[in-house]
Amino acid sequence: MKHIDEFRDGALARQIAARIAAEADPGHAYRFMEFCGGHTHAISRYGVIDLLPPNLRLIHGPGCPVCVLPIGRLDMAIDLALSQRVILCTYGDTLRVPASEGDSLTRAKARGADIRMVYSPADALELARQHPEREVVFFAIGFETTTPPTALVIDAAARQGVRNFSVMCNHVLTPPAIRAILDGASAAERTTAEIEGFVGPAHVSIVIGSEPYARFAREYRKPVVIAGFEPLDVLQAILMLVRQVNEGRAEVENEFTRAVNPTGNLRAQALMDQVFELRDAFEWRGLGSLAHSALQIRPAYRAFDAEHRFGLHYRSVADNKACECGAILRGVKEPRECKIFGTVCTPENPIGSCMVSSEGACAAHYTYGRFRDIPIVANAAAPQTEGALA
Ligand code: SF4
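What you are looking at is a predicted structure, and each value in this text was computed from that prediction instead of being measured. (Residues numbered from 1 in each chain as written. Predicted model: local features only at pLDDT ≥ 70, side-chain atom pairs only at ≥ 80, totals over all residues. Heavy atoms only, no water.)

Colleague: Please provide a residue-by-residue account of the overall build of the protein, values included.
Modeller: The helix and strand inventory of the protein stands at 15 helices and 13 strands. Relative to the globule expectation of 21 Å for 390 residues, the C-alpha radius of gyration of the protein, 22 Å, shows essentially globular dimensions. Once the C-alpha set of the protein is aligned to its principal axes, its extents read approximately 70 × 50 × 50 Å. Every one of the 390 residues in the protein was classed for burial, and the buried ones make up 54%. Once local pairs closer than 6 in sequence are excluded, the contacts in the protein between residues at least 24 apart make up 77%. (Helix = DSSP H or I, 4+ residues; strand = E, 2+ residues; numbered from the N terminus. Rg over C-alpha atoms; globule rule 2.2 N^0.38 Å. Buried < 20%, exposed > 50% of the residue type's maximum accessible area, 1.4 Å probe, protein only. Contact = heavy atoms within 4.5 Å.)

Here's what the structure looks like:
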């Protein structure tokens, strides 16, 4: 595949890994956070960890949009679908995220709620056009990457006078989450992982550009290297981070120049600003309530705000006690440190959100890395056959 294979070249990957090993100071412990779930997935899938020196650690961050969705927002959606008999539409991964008491949108659908998977918000708007007698609600999730398409359909619904369509907005913002991680790491009672730098988001940065990260480099002295999702992108970004740390620099660098520029997509930003405004506060799974960390629909588009239209109110709900998703999303634990990883909690039966989406840390580790946790014991006494010697 042209333009993909080049970024998965094994020989080149080994060369970059050799440079990382050569330049990493053996006396220093490097700790970098990959904020984005797409990077977590790529790191697990392509075995990037195996190419890194033992004193360099990658820490999963809270950048999986499905993972950070709190239980209370799912409960709201389930209640809306069951009590108001709306057609509730959302992305596939969202359907299986655990809600209160083991419930989920999928289970609510089995109990009779009209919940449908869509590939885009435009599909939800089309459903509203096809069913003028029904209320259709799009349950919108995601970071800055998926926000512009939601803004586009709200504006389209307003222009076209579609009266039976609304959006339950759960769009969250990347920079406040990075700040929460850094503030938690520097607080007296440390609540998040201590890190030296970030592998910066790819798709989010296409929309918002690289400039919003400059304050983290400046104020917190943490380097950020924006990277694409291919294995060579990630390795190159790690090499760039190692170099910044070694040289005492804290800058925003852009490895993903084929898609990201300093200012991002200005048209998408203008559209988001036209339709959305900052929420005062929003609860994140794992990070708690963060001020100005999410978006809500502006009053000018209030007719399309499902929370307003149906009088919905948020109620915070604690995560399952056995689940370590919160600690994983804060970067202080790894999937294998959860007692129910791979036993009670699997992709087929997720107990926590990190096991649902392929971008979740637990799902990525379950799919690509769980056997690494099992020590291999060679049986020296085993008889060797002719075939084995060949
Ligand atoms: S294994 Fe399951 S319950 Fe445990 S942290 Fe991961 S998603 Fe949460």
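Colleague: Describe in detail the site of the ligand, supporting the description with residues and values.
Modeller: Close to the ligand lie Cys323, Glu324, Cys325, Ile328, Cys338, Ile340, Phe341, Cys345, Gly352, Cys354, Met355 and Cys362. Looking at the shell around the ligand residue by residue, the classes come out as 10 nonpolar, 1 polar and 1 charged. (Near = heavy atom within 4 Å. Nonpolar A, V, L, I, M, F, W, Y, C, P; charged D, E, K, R; others polar.)

Colleague: Report on the environment of Glu219, specifying residues and quantitative values.
Modeller: Its place among the elements puts Glu219 in helix α9 (residues 214–220). Glu219 gets classed as partly exposed once you look at its relative accessible area, which sits at 49%. Taking the C-alpha atoms as reference, Glu219 lies 27 Å from Met272; in sequence the two are 53 residues apart. Reaching out from Glu219, the side chain makes a polar contact with the side chain of Arg179 at a distance of 3.5 Å. (Polar contact = N/O pair within 3.5 Å; in protein donor to acceptor, adjacent residues only side chain to side chain.)

Colleague: Can you lay out the nonpolar core for me, pointing to particular residues and giving the numbers?
Modeller: Among the nonpolar cores identified, the biggest contains 102 residues, and Leu88, Phe138, Phe165 and Trp284 are the most heavily contacted of them. The residues that make up this core include at least three from each of domain 1 (4–65 + 174–254) and domain 2 (71–173 + 266–310). Setting aside residues no more than four positions away along its own chain, Trp284 makes contact with Pro62, Val68, Phe143, Val172, Leu173, Ala177, Leu290 and Ser293. Counting 24 residues, the second largest nonpolar core, distinct from the first, contains Ile20, Val199, Leu232 and Val245. (Core = buried A, V, L, I, M, F, W, Y, C linked by side-chain atoms within 4.5 Å. Domains from an automatic or database assignment.)

Colleague: So, the environment of Arg298: which residues are in play, and what are the values?
Modeller: Structurally, Arg298 can be placed in the loop between β13 (295–297) and α12 (306–309). On the accessibility criterion, Arg298 (24% relative accessible area) is partly exposed. Residues Arg298 and Asp273 lie 25 residues apart in sequence; the distance between their C-alpha atoms is 9.0 Å. Apart from residues lying up to four places away in sequence, Arg298 is in contact with Asp273, Gln274, Val275, Phe276 and Glu277.

Colleague: How would you summarise the environment of Gly326 if you had to cite specific residues and measurements?
Modeller: For Gly326, the location among the structural elements is in helix α13 (residues 325–329). Gly326 gets classed as buried once you look at its relative accessible area, which sits at 11%. Separated by 262 residues in sequence, Gly326 and Cys64 have C-alpha atoms that sit 12 Å apart.

Colleague: Account for the sheet that holds strand β2 (residues 56–63), with residues named and values stated.
Modeller: If you trace the 5 strands from one edge of the open sheet to the other, you get β2-β1-β7-β8-β9, paired in parallel fashion. If you trace the sheet from one side to the other, it starts and ends with β2 and β9 (252–254), each paired once. Pairs of neighbouring strands in the sheet enclose a mean axial angle of 25°, with direction left out of account. Of the pairings in the sheet, the one linking strand β1 (residues 30–36) to strand β7 (residues 197–200) comprises 3 bridges and is parallel in character. If you follow Phe32 over to β7, its bridge partner there is Gly197. (Pairing = 2+ DSSP bridges. Axes fitted to C-alpha atoms, helices over the stretch in contact; angles between N-to-C directions.)

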